[in-house]
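# An overview of the molecular structure
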Amino acid sequence: MAVSQETIEQVNSVSEKYKYGFVSDIESETAPIGLSEDIVRFISAKKEEPEWLLEWRLKAYRYWLTMEEPDWAKVNYPKIDYQDIYYYSAPKVKDKPKSLDEVDPELLEVYSKLGIPLKEQEVLAGVEGAANVAVDAVFDSVSVATTFRERLEKEGVIFCPISEAVQTHPELVQKYLGSVVPYTDNFFGALNSAVFTDGSFVYIPKGVRCPMELSTYFRINAAQTGQFERTLIIADDESYVSYLEGCTAPMRDENQLHAAVVELVVLDNAEIKYSTVQNWYPGDENGVGGIYNFVTKRAACRGVNSKVSWTQVETGSAVTWKYPSCILQGDNSVGEFYSIAITNNLQQADTGTKMIHLGKNTSSTIISKGISAGKAQSTYRGLVRMGRKADGARNHTVCDSLLIGDKCGAHTVPYIENQNRSAKIEHEATTSKVSEEQLFYCQQRGLSEEESMALIVNGFCKEVLQKLPMEFAVEAQKLVGISLEGSVG
Amino acid sequence: MLEIKDLHAEVGGKEILKGINLTINPGEIHAIMGPNGAGKSTLSYVLSGRDGYEVTGGSVTYKGQDLLDMDPDERACSGIFLAFQYPVEIPGVASATFLKTALNAQRKFRGEEELDAMEFLKLVREKSKELDIKDDMLKRAVNVGFSGGEKKRNEVLQMSLLEPDLMLLDETDSGLDIDALKVAADGVNRLRSPERSALVITHYQRLLDYIVPDFVHVLADGKIVKSGDKSLALELEEKGYTDISAA
Ligand SMILES: Nc1ncnc2c1ncn2[C@@H]1O[C@H](COP(=O)(O)OP(=O)(O)OP(=O)(O)O)[C@@H](O)[C@H]1O
Ligand SMILES: [Mg+2]
């Protein structure tokens, strides 16, 4: 799907038309539909960004125009019209549900199974006017946020929206933004660099162990970070942080396309643990209305003995395209990737990781658990590269697929590039099916067919679930069961 | 408790049960013996509702209800427990988790309060001690890497915890050493009560020295060809099935 010459011309003509005339009107809360240099300028102006950031966005935008949408992943989705998207504050959609009565009852059932309070359900389901009320009512955001902040400030930890960090800590943002995922990296990354509206910024100073798990959960909907989220986390020497992204409740969003970028920078002897539960709306059983989730996540282990763990539970979205990666630059640095990807009905997931070993004695572990049910297709795509100087580097990969029923598929695509003779690479892959015997055994002990399935699949995922922070793990376990509903019988 | 009338069933399109008649009253223990491939396990699967075991004729009434109309989990929750001839492995699921999930599912079905982690732990420790099962086994994944005998003992542990009304034991003695056999039989005997019944499938009369049955039946080629009291088992041991069936 190339960006045709025609599109470029169209874009240019649009930009021409809006030049200045539109940008000067930054009082406006919304920008017109479509993408152009002016839209990029508008976003930057709205955020009162410094010149360097605007320049960076524009470079990204111009580069994006020359790129083609990737088509190598094993996913199919209708062609995305990038001129048919609002890049800044879409006008309020009129048919937002007015109350929970108007929300898909199936979605509500899932909420109640997860034990989510009513007010919070309204936020998640996108009920009109719910966000503000609910944020106070549910998260008690003022008190939570302040106690939270005070403790973090005491330690010197910075945890704020990235737009705020641009104002308050421009030197840190300028130094690290795009240093792990340059705008030239890939199509969706370039798009994100041009138009990102918000996301999280974290800086852990030297020698600090972040006193609590940092969670975006406190921020959902408060900031409406939307479809082009940008996250930047920096762990300075000898520091540690555990960061939780997402939440287990399926979130609806009017924006079909999500293209986030997450950059992690880990310095000497520092560690970042990054856990994600992704449960965007997958669409109905015909796949209608689901989110397309194209994410670029990458960690640079720059320091010696630095460490990154990516743990993800992917159950949502119609289409997922995601490869959290580690660049193991510092000697003895460690990269880990633990993943559970569940696809049901017509969902498609192409996910995996890249471990790029550059430094000496670097090591990486990959444990991927893919579960497919219904007519879903799930692909693990993993790259392990041992650079020329990566003496004594090691990788161990375990890639297990579990099939439920016979209409789904699981695919494993390992890429191995070894330029160093002393490097060791081990790869194990298995594919299994949930057997009738196992289901019957559980049912004979009193579990329903669905409970049996949930138990068996949770067993299959155990090694990865164990890597999640405790409270996240409990929720994720429930989620595994719920995601597979309708997959048996 | 259980009334089986002219039960016919097929597996993979082949008729295996060819007209079984059997009545089990509360408190009774019935032993079933019979040659390999006679249909003993098939009978236990039909009673517990396994997929693929298709009933083609006859009826089964359990506690006055049409058993064949119930889902497998409903049967389990109504008190039917099958100790499997070949217990199934469930990787990644700790035995304790499995037991707790099962017990609470059954309690919920009966409208009883679910046990919390502490209450459960106390109960399961007590039961496993009775059966000489080490705590360490409860932490391991269900049946994964268990020895043949450990698997069988684990079945008895599950049964002791779930306290069923109708116990179906499919060759629970096979693979147990002599000491373990006694321990397992004690486990079954502890559950014996005037309200509780059992169907014990075995090849060896030795088990019946420990679990003394009220009736012994010989199942051959899908039919009960002979019934008697416990002396029938001794007779079988002596003469083998061919003579008995012919007699
Ligand atoms: N899926 C199947 N398809 C065809 N035949 C089957 C199937 N399952 C079982 N059978 C057959 O049904 C018959 C009865 O088997 P069953 O397991 O009930 O015997 P059994 O009496 O328990 O024997 P054993 O003493 O060896 O345990 C056997 O001949 C077996 O081969
Ligand atoms: Mg058998």
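The following paragraphs examine the structure supplied in this document. (Residues numbered from 1 in each chain as written. Chains lettered and ligands numbered in written order. Predicted model: local features only at pLDDT ≥ 70, side-chain atom pairs only at ≥ 80, totals over all residues. Heavy atoms only, no water.)

Before going further, it helps to spend a moment on the sheet that holds strand β4 (residues 53–62) of chain B. Strands sit in the order β2-β1-β4-β5 (chain B) across an open sheet of 4 strands; the sheet is antiparallel. Only two strands of the sheet have a single partner each, and these edge strands are β2 (14–24) and β5 (65–66) of chain B. (Pairing = 2+ DSSP bridges. Helix = DSSP H or I, 4+ residues; strand = E, 2+ residues; numbered from the N terminus.)

What follows concerns the packing of aromatic side chains. Residues and elements named next belong to chain A. Summed over the entire model, instances satisfying the criterion amount to 22 aromatic pairs over all chains. Measuring from ring centre to ring centre gives 5.5 Å for Trp64 and Phe187, while their planes differ by 40°; the resulting arrangement is tilted. Of this pair, Trp64 sits in helix α3 (residues 51–65) while Phe187 sits in helix α10 (residues 187–195), and the two are 123 residues apart along the sequence. Trp64 gets classed as buried once you look at its relative accessible area, which sits at 3%. Taken together, a centroid distance of 6.2 Å and an interplanar angle of 70° make the contact between Phe294 and Trp321 edge-to-face. Within this pair, whereas Phe294 is found in strand β9 (residues 292–301), its partner Trp321 is found in strand β11 (residues 319–322), the two being separated by 27 residues in sequence. Given the relative accessible area of 6%, Trp321 is considered buried. One aromatic cluster is present, built from ring pairs that chain together Tyr61, Trp64, Tyr82, Phe187, Phe188, Tyr292, Phe294, Trp321 and Tyr323. Against the face of Phe196 rests Arg57, its NZ or CZ located 4.1 Å from the ring centre. (Phe/Tyr/Trp six-rings, centres within 6.5 Å; stacked < 30°, edge-to-face > 60°. Buried < 20%, exposed > 50% of the residue type's maximum accessible area, 1.4 Å probe, protein only. Lys NZ or Arg CZ within 6 Å of the ring centre and 35° of its normal.)

This next bit is on the pairing of β11(A). All names here are of chain A. Taking every second residue as pointing to the same face, both faces of β11 are buried, with Val319 and Trp321 on one and Thr320 and Lys322 on the other. The pairing of β11 with strand β14 (residues 348–357) spans 4 bridges and is classified as parallel. Looking at β14, one finds that Val319 is bridged to Gln348.

With that settled, consider the packing of helix α3 (residues 95–109) of chain B against helix α6 (residues 148–162) of chain B. All names here are of chain B. Between α3 and α6, whose axes approach to 10 Å, the crossing angle comes to 30°. You can see that α3 and α6 cross each other, and the crossing is right-handed. Contact with α3, carried on its side by Ser95, Phe98, Leu99, Ala102, Leu103 and Gln106, involves Asn154, Leu157, Gln158, Leu161 and Leu162 of α6 and no other residues of that element. Split by residue class, the contact of α3 with α6 holds 7 nonpolar, 4 polar and no charged. (Axes fitted to C-alpha atoms, helices over the stretch in contact; angles between N-to-C directions. Left-handed = near helix turned anticlockwise from the far one by under 90°. Contact = heavy atoms within 4.5 Å. Nonpolar A, V, L, I, M, F, W, Y, C, P; charged D, E, K, R; others polar.)

Residues and elements named next belong to chain B. For the magnesium ion (ligand 2), the full set of protein donor atoms is Ser41 (OG) and Gln85 (OE1), at a range of 2.0 to 2.2 Å. Separated by 44 residues along the polypeptide, Ser41 in helix α1 (residues 40–48) and Gln85 in the loop between β6 (80–83) and β7 (90–94) bring together distant segments of the chain. Judged by relative accessible area, which is 14%, Gln85 ranks as buried. (Donors = N, O, S within 2.8 Å, 3.2 Å for Na, K, Ca; no water.)

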